[in-house]
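Residue-level structure breakdown
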Amino acid sequence: MELLRFVFVLVLSLCVAAAAPSCIWTHFRLPTLNKKSIGLLESMGGRMPLECLEEKNNSFPQVSFPKVGAEMLTNENLLPISLEAFNGVAKIFNNNHTSVTWDTNNLSLFKTIIDRQVDNLQKCVGKQVQTVMDKSASNSTDTLRSYFVKLEERLKEQEFSSCAWEIVRKEVLDSLETLQTFIESKN
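Taken directly from UniProt, the Subcellular location (unreviewed entry) text for the chain runs: "Secreted".

And the structure:
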C-alpha cells in the first residue's frame, strides 16, 4: 500500500510539474541573456548616420514595437510573448546583412544568443502553455508577429541597405529593451 501511495504522489508531482507554465530558465537565464543581447546589439554598430534618420522617417513611419499592457503580461503569457519576440528577431537577422560594417564577432554572438533564447523558450513553452494561453497573449503574439513581419518587409523594400539595417537594429534594440522591462517585472 505504501508503494502504491508513493507511486501516486510521484505521478501527481510529475503531472503538476508538467502543467506548470513557468520555467526556471526564464527566471535566471532569460533576463541575463536578453541583457547580453541588448549590449551586443548596441556595440556591434556605431551611431546611426544622419541620412539614415531621414530615411527612417520616410521609410519606417508606421512601424513601432507594439505596447503590451502590463495587465496582459502574466507569468503564463510571458513565455509565448518572449518566444514570439525572439523568433521575430532571429528571423530578421538571418537575412543578408553584407551592406553593413558591424562587428562580425558581436553579430555572430548576438545571433547565437538569440537562437539559444528561442530554443530554451520553445522547451519552456511546450504544449501545456499554448493550451492555457489566454486571448490577450494570443493577441499579443499576433501583434508581435505582425510587427516583425513589417520590419522585415521594410528591410527587403530597401534592398537590405545599410541604412535599413541600422534602422532595424535600432528598432530591435528598442524592442528588446521593452521586453527586458517586462521580463524583469515578472521575475
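Points about the confidence of the model for the chain
Confidence in the prediction of the chain, expressed as mean pLDDT, is 76, and 69% of residues score 70 or more. Taking the mean pLDDT of every element in the chain, the minimum, 40, falls on helix α1 (residues 2-19) and the maximum, 90, on helix α2 (residues 24-44). Low pLDDT, under 50, characterises residues 3-21; the stretch is placed with 6 contacts to residues that sit more than four places away or in other chains. Segment residues 127-134: pLDDT under 50, and 12 contacts once partners within four positions in sequence are set aside and those in other chains are kept.

Description of the state of the cysteines
Inspection of every chain in the model, using the stated rule, returns 1 disulfide. Bridging cysteine 52 to cysteine 163, the disulfide has an S-S length of 2.1 Å. Classification of the bridge connecting cysteine 52 and cysteine 163 rests on its S-S torsion, roughly -75°, and on that basis the disulfide is left-handed. Of the two residues, cysteine 52 sits in helix α3 (residues 50-59) while cysteine 163 sits in helix α7 (residues 162-186), which places them 111 residues apart along the sequence. Residue classification places cysteine 52 among the buried positions, given a relative accessible area of 1%.

A few points about α2
In a regular helix each residue adds 1.5 Å, so 21 residues correspond to 30 Å; α2 covers 30 Å between its end C-alpha atoms and thus fits that length. Of all the bends in α2, the greatest, near 40°, is centred on leucine 30, and the proline proline 31 appears no more than four residues after it. Here α2 has its buried residues at Trp25, Thr26, Leu30, Pro31, Leu33, Asn34, Ser37, Ile38, Leu40, Leu41 and Met44.

Structural notes on unusual backbone geometry
Phi is mostly negative for residues that are not glycine, and the peptide bonds are mostly trans. The phi torsion at glutamate 159 lies on the positive side, around 55°, for a residue other than glycine. Positive phi values are uncommon outside glycine, yet phenylalanine 160 reaches one of about 55°. Looking at the secondary structure, you find phenylalanine 160 in the loop between α6 (135-157) and α7.

A short note on the side chain of glutamate 166
Locating glutamate 166 in the fold gives a position in helix α7. Only 2.8 Å separates the side chain of glutamate 166 from the side chain of arginine 169, close enough to count as a polar contact. Beyond its immediate stretch of four places on either side in the chain, glutamate 166 contacts Gly46, Met48, Pro49 and Trp102.

Details of the packing of aromatic side chains
The way to describe two aromatic rings as a pair is by their centre distance and the angle between their planes. The full count for this structure, using the stated rule, is 5 aromatic pairs. Between phenylalanine 93 and tryptophan 102 the ring centres are 6.1 Å apart and the planes differ by 35°, which places this aromatic pair in the tilted class. The residues phenylalanine 93 and tryptophan 102 share a single accessibility class, namely buried. The interplanar angle of 80° and the centroid separation of 5.7 Å between the aromatic rings of tryptophan 102 and tryptophan 165 together place this pair among those described as edge-to-face. Placement of tryptophan 102 in the loop between α4 (75-92) and α5 (104-132) and of tryptophan 165 in helix α7 is noted, with a sequence separation of 63 residues between them. Across this residue pair, the class does not change: tryptophan 102 and tryptophan 165 are buried. Put simply, the rings of Phe93, Trp102, Phe110 and Trp165 pair up and form one aromatic cluster.

Regarding the pattern of salt bridges
One pass over the full model with this rule turns up 6 salt bridges. Linking arginine 145 and aspartate 142 is a salt bridge whose minimum nitrogen-to-oxygen distance equals 3.0 Å. Placement of both arginine 145 and aspartate 142 in helix α6 is noted, with a separation of 3 residues, approximately one turn of the helix. For arginine 145, a relative accessible area of 39% translates into the label partly exposed.

What counts as what
Residues numbered from 1 in each chain as written. Predicted model: local features only at pLDDT ≥ 70, side-chain atom pairs only at ≥ 80, totals over all residues. Heavy atoms only, no water. UniProt positions renumbered as here; feature names shortened; annotations may be inferred. pLDDT = per-residue confidence, 0-100. Helix = DSSP H or I, 4+ residues; strand = E, 2+ residues; numbered from the N terminus. Contact = heavy atoms within 4.5 Å. Disulfide = S-S within 2.5 Å. Buried < 20%, exposed > 50% of the residue type's maximum accessible area, 1.4 Å probe, protein only. Expected span 1.5 Å × (residues − 1). Bend = angle between axes of the 7 residues up to and from the residue. Polar contact = N/O pair within 3.5 Å; in protein donor to acceptor, adjacent residues only side chain to side chain. Phe/Tyr/Trp six-rings, centres within 6.5 Å; stacked < 30°, edge-to-face > 60°. Salt bridge = Lys/Arg side-chain N within 4 Å of Asp/Glu carboxyl O.

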